[in-house]
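Survey of secondary and tertiary structure
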Amino acid sequence: MKILTTSVLIAFLWLINGVQNVIANEDYTIDGDKILVTVVLKHQQDKSLTELQQKMDENRFWQSFPPKGAEIDSWYVMMGLGQVITVKIHPRDLRTLNLAIEKSAWGIFDTDIYPTYEFKGIAESIKAKKVEKDSQ
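Residues numbered from 1 in each chain as written. Predicted model: local features only at pLDDT ≥ 70, side-chain atom pairs only at ≥ 80, totals over all residues. Heavy atoms only, no water.

A few words now on the overall build of the protein. If you tally the helices and strands in the protein, you get 5 helices and 4 strands. The N-to-C order of helical and strand elements in the protein reads α-β-α-α-β-β-α-β-α. Per-residue burial for the protein yields a buried fraction of 24% across its 136 residues. Considering only intrachain contacts with a sequence separation of at least 6, the fraction spanning at least 24 residues in the protein is 72%. In the form shown here, the protein has an accessible surface area of approximately 10,400 Å², with 59% of it arising from carbon and sulfur atoms. (Helix = DSSP H or I, 4+ residues; strand = E, 2+ residues; numbered from the N terminus. Buried < 20%, exposed > 50% of the residue type's maximum accessible area, 1.4 Å probe, protein only. Contact = heavy atoms within 4.5 Å. Areas by Shrake-Rupley, 256 points an atom, 1.4 Å probe, with all protein chains shown as cover.)

Rendered as structure tokens:
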């Protein structure tokens, strides 16, 4: 029994190592000198739309966001959540983006900021390889 368990464990580890090598050999590098950052601005539910807009004016939100050098990739309103914005920036401008949010969005939105990368092309590549493999 001990030999069988050891053999199964070794086979499993060999299989995992093989899968990791296949993944590691794929080239999924990201081209470009900008990074994507997803900014989630969650509406503070204790404020009405009028109060939110008034506070945005007081904080000069529209004059401050997005900051100079930031390029809006997408900007969606998600009902029940708030706004989800994907921004392209140079890594050196990350602090500027953070300060723009701190100065103009706080008191209006609860904020979350996430480094992001485009996955659509990678997902399409993986899917095509899996479909091709299944058709063989």
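What follows picks up the thread again.
This brings us to the pattern of salt bridges. This model, assessed by the stated rule, comprises 5 salt bridges. Where D73 meets K88, a salt bridge forms, and the shortest distance between an N and an O atom there is 3.8 Å. Of this pair, D73 sits in strand β2 (residues 71-78) while K88 sits in strand β3 (residues 82-89), and the two are 15 residues apart along the sequence. (Salt bridge = Lys/Arg side-chain N within 4 Å of Asp/Glu carboxyl O.)

On to the environment of S74, then. Following the sequence through the fold, S74 ends up in strand β2. By relative accessible area, which is 17% here, S74 ends up buried. Sequence-wise, S74 and V84 are 10 residues apart; in three dimensions their C-alpha atoms are separated by 8.0 Å. The residues touching S74, leaving out its near neighbours within four places in the chain, are V84, I85 and T86.

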